[in-house]
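For reference, the chains in residue letters:
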Amino acid sequence: IDIQSKLHIDWEIEGKIKSSSIVTIGSSGSVNGEILADKLLVSGQMDGNCDCENIEILAGGKITGDIVSSNLVIESNGFFEGTSKIKVKNQDMNE
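Analysis parameters
Residues numbered from 1 in each chain as written. Predicted model: local features only at pLDDT ≥ 70, side-chain atom pairs only at ≥ 80, totals over all residues. Heavy atoms only, no water. Salt bridge = Lys/Arg side-chain N within 4 Å of Asp/Glu carboxyl O. Helix = DSSP H or I, 4+ residues; strand = E, 2+ residues; numbered from the N terminus. Buried < 20%, exposed > 50% of the residue type's maximum accessible area, 1.4 Å probe, protein only. Core = buried A, V, L, I, M, F, W, Y, C linked by side-chain atoms within 4.5 Å. Contact = heavy atoms within 4.5 Å.

Engineer: Whenever I open this one, the pattern of salt bridges confuses me. Can you help?
Structural biologist: For side chains of opposite charge, pairing can occur when their charged atoms come near one another. Applying the stated rule across the entire model yields 2 salt bridges. Lys39 serves as the salt-bridge partner of Glu56, at 3.3 Å between the closest nitrogen and oxygen. With a gap of 17 residues between them, Glu56 in strand β6 (residues 45–57) and Lys39 in strand β5 (residues 30–42) connect regions that are remote in the sequence. Note on Lys39: relative accessible area 24%, which makes it partly exposed. A salt bridge links Lys87 to Asp51; its shortest N-O distance comes to 2.3 Å. Of this pair, Lys87 sits in the segment after β10 (84–86) while Asp51 sits in strand β6; the two residues are 36 residues apart in sequence, bridging distant segments of the chain. Residue Lys87 shares its accessibility class with Asp51, and that shared class is buried.

Right under this line is the structure:
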């Protein structure tokens with residue numbers, strides 16, 4: 001999926017998501033793959049790699065995988081397992 005607008009996911013999806021806006025994984029949503037976005041909000045499940053300017057793992061949200069981000073917020077009862085790297089300007093996960 002390659003879009004220029006906000007995306008809210010409340011279903012299961014597998015693959016690569018690219019957005020120049022906000023991607024939200026709702027509490028009943030599940031993504032298995034890769035997300036490249038300006039901002040990622042996770043209330044559901046994310047398994048895979050994330051390359052986003054801002055990532056917020058909300059209460060009940062879970063990310064398992066590798067993160068590259070300028071700003072990472074994990075709320076109480078949010079879960080993250082993997083590696084996290086600070087995003088340097090013009091850097092992406094493939095470098």
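Engineer: Sorry if this is basic, but what is going on with the nonpolar core here?
Structural biologist: Within soluble globular proteins, side chains that are nonpolar tend to cluster in buried spots. In this structure, Ile35, Leu40 and Ile63 are the most contacted members of the largest nonpolar core, which totals 18 residues. When residues no more than four places from it in sequence are discounted, the contact partners of Leu40 are Val23, Ile25, Ile35, Cys50, Cys52, Asn54, Ile55, Glu56 and Ile63.

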